[in-house]
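Read off the chains here:
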Amino acid sequence: MASPSAQLPEEIFQPLKRLNRIYFSDPDHIIELAKGGCLMSEGEETRRIYLVLKGALVAYRHAGPLDGNLPEETDSRGHEVFRATFGSYVGVQSFFSRTFRASSSIFATEDTELAWIDDTASAVGEEEYGTFEHQFIPVIVYELAVRNMRILSHAVEKEEAVRLLQRAEMAATLGQLSAGIAHELNNAVSVITSRTEFVARGLANHLADSNVENSRLFLLGYEDKSFAGSAMLRPAARRYEKEYSLSQPAARVLARIAPDDSALEKLGADFIRHIERNYHFWELGHDLRDMQLASRHAAGIVRAVKLLGGGKPSREPGVDVGQSVRDALSLLESRLKLVAVQMDIRPTPPITADVTELIQLWTNIAKNALDAMAQAGTANPTIKVAASSYHTESLGDLLPTEYIRVSISNNGPSIPTNVQGKIFQPNFTTKKRGLDFGLGLGLSIVRHVVDSYNGTIDLVSEPGSTTFTINIPTTQIHGED
């Protein structure tokens, strides 16, 4: 039996106490088995029922011959069938089925003492309690129930193992396919990047020769590295529209170029008059810049997926983390139009990094926030982004003492506690429907990249406030690739 009699229901436990007293109390029918000792071997003839008085046994069903040693639980020669502890019966099945053959090999997992009876047991108590077999019916029934539960449990485990194997096979297939897709995407993205740079240079040179103000507008758009959401620019755009009689598109461009009066004064009256007719040159330059940024980001996404398979990033010194945050928000500008964006990006020391990796970090986290707020219908959706540096006490010459901290917060729904431990796992996603389905790779990539920088990522989530905080050391412990 797999369970001790002390765990049996009362209506079964009491008859078993009587059985033990009548049949298993003979001091001449007690054996001791040292730890690792074999009580019986699979297929061996046995005509005994054993009662465990002390210690514990484990039964294995083996595919090959035994060497007499206690198998490990991971022994490939067999599978665990059951365990028996104090009050358990062993050998019931072979005894009452009259096969008298052990169906498994049984070993002591610790020093064990057993009482036994064989098929010559006397008929004590039969007149009052029925035949010997009848008295053991509760034992047989309970053992069958226990073994049935074990079979069901093993069936569930097998089904889960098959499911995990299928997922692993799908992941392997996806990895093989993605290698070919990544190659083709890299070729296409490289063409877009190089042609965009060619077009930008050609337009800049042409405008420089033909119209100074148009060239200035184009370059202001092309070199724009700021980020301000529509909600932040709207007040200035409305004021410019009224004060200078500008159209809405021209006023929006002017607000991007000069968000306050001090910047506006530097432009001059002639520039403001000119912008009404030719603001689209700024838009042209800004669009070309966005195309370049998007193409680099696309290449970064491919690299990020490769990182999950053990690829190595290409990192260079002098990367401005704060600017990478602004670039990430620029890529999400169309989705941020209806979201209030609050930024507190302070100067931080440059680090050795791959800027596309960093943009991927901030983009994935911010996009998840936007998806969560949109799905929940959050009122007055807001994203807060902060970047700064801080020092820690040094614990040795090799440990970094300066970190850059980037936090991205939103006022959407909280992440359930039972989900928080899973969100960084590959293939875990909560997006199931429509075009917002997810592959469950975004935050897995985030975790992988942060780990590769020897950084940390923390999550604090409660109703109305979810914050991801990433800390990256300015000095890497390991040499960069």
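Quantities reported herein were computed from a predicted structural model and do not represent experimental measurements.

Cut-offs applied
Residues numbered from 1 in each chain as written. Predicted model: local features only at pLDDT ≥ 70, side-chain atom pairs only at ≥ 80, totals over all residues. Heavy atoms only, no water. Salt bridge = Lys/Arg side-chain N within 4 Å of Asp/Glu carboxyl O. Buried < 20%, exposed > 50% of the residue type's maximum accessible area, 1.4 Å probe, protein only. Pairing = 2+ DSSP bridges. Helix = DSSP H or I, 4+ residues; strand = E, 2+ residues; numbered from the N terminus. Axes fitted to C-alpha atoms, helices over the stretch in contact; angles between N-to-C directions. Contact = heavy atoms within 4.5 Å. Core = buried A, V, L, I, M, F, W, Y, C linked by side-chain atoms within 4.5 Å. Expected span 1.5 Å × (residues − 1). Arc of directions from axis to C-beta. Polar contact = N/O pair within 3.5 Å; in protein donor to acceptor, adjacent residues only side chain to side chain. pLDDT = per-residue confidence, 0-100.

1. Some remarks on the pattern of salt bridges
- Enumeration according to the criterion identifies 11 salt bridges in this entry.
- With a closest N to O distance of 3.2 Å, Asp-344 and Arg-346 form a salt bridge.
- You can call Asp-344 partly exposed: its relative accessible area is 36%.
- The structure contains a network of salt bridges with shared partners spanning Arg-289, Asp-290 and Asp-327.

2. Topic: the sheet that holds strand E10 (residues 340-345)
- Spatial ordering of the open sheet is given by E10-E12-E13-E15-E14, a layout of five strands whose pairing is mixed. Edge strands, defined here as strands with exactly one partner in the open sheet, are E10 and strand E14 (456-462). Direction aside, the axes of adjacent strands within the sheet are offset by 10° on average.
- Pairing analysis gives six bridges linking E10 to strand E12 (residues 382-391), with the strands arranged parallel. When the sheet's bridge partners are listed, Gln-342 is paired in E12 with Lys-384.
- Taken strand by strand, helix H12 (residues 321-331) contacts E10, E12 and strand E13 (402-410), and its axis lies near 170° from that of E10.

3. Observations concerning the nonpolar core
- Judged by nonpolar contacts, the single largest core of 42 residues is most densely connected at Leu-358, Trp-362, Ile-383 and Ile-470.
- Elements represented by at least two residues in this core include exactly H12, E10, strand E11 (351-353), helix H13 (355-376), E12, E13, helix H15 (442-452) and strand E15 (465-473).
- In contact with Leu-358, other than residues within four places in its own chain, are Val-319, Val-321, Ser-324, Ile-351, Ala-353 and Ile-472.
- Counting 26 residues, the second largest nonpolar core, distinct from the first, contains Ala-236, Leu-254, Tyr-279 and Leu-288.

4. Focus: H13
- Relative to the 32 Å expected for 22 residues at 1.5 Å per residue, H13 spans 32 Å between its end C-alpha atoms, a close match to the ideal helical length.
- After H13 finishes, the residue Gly-377 shows a positive phi value of roughly 65°.

5. Regarding helix H6 (residues 212-222)
- Along H6, the residues that are buried comprise Asn-214, Ser-215, Leu-217, Phe-218 and Gly-221. The arc enclosing the buried residues of H6, seen along the axis, measures out at 160°, which places them on a common side.
- Capping of H6 at its N-terminal end is provided by Asn-211; its side-chain oxygen lies 3.0 Å from the backbone amide nitrogen of Glu-213.

6. What about the pairing of E15?
- Of all nine residues making up E15, eight are buried, and the element is well covered by its neighbours.
- Note: E13 against E15, eight bridges, orientation antiparallel. Of the residues in E15, the one forming a bridge with Asn-410 is Thr-466.
- Pairing of E14 with E15, which is carried by seven bridges, proceeds in the antiparallel orientation. Across the sheet, residue Val-460 finds its bridge partner in E15, namely Thr-467.
- The antiparallel pairing of E14 with E15 creates a hairpin that spans two residues between the two strands, and Gly-464 there sits at a positive phi of about 85°.

7. What about the side chain of Ser-295?
- Along the polypeptide, Ser-295 turns up in helix H11 (residues 280-308).
- Setting aside anything within four residues of it in sequence, one finds Ser-295 in contact with Val-189, Ile-192 and Thr-193.

8. Focus: the confidence of the model for the protein chain
- Confidence in the prediction of the protein chain, expressed as mean pLDDT, is 79, and 79% of residues score 70 or more.
- Every residue in residues 1-6 is under pLDDT 50, and counting partners more than four places away or in other chains gives 28 contacts.

9. Quick look at unusual backbone geometry
- Not every positive phi belongs to a glycine, and Arg-98 is a case in point at roughly 65°.
- Relative to the assigned elements, Arg-98 resides in the loop between helix H2 (92-96) and strand E7 (105-108).
- One non-glycine residue, Phe-100, lies in the positive phi region at around 50°.
- Relative to the assigned elements, Phe-100 resides in the loop between H2 and E7.

10. Thoughts on the pairing of E13
- By the criterion of burial, E13 is predominantly enclosed, with eight of the nine residues buried.
- In this structure, E12 lies alongside E13, joined through nine bridges in antiparallel fashion. When the sheet's bridge partners are listed, Ser-389 is paired in E13 with Ile-404.

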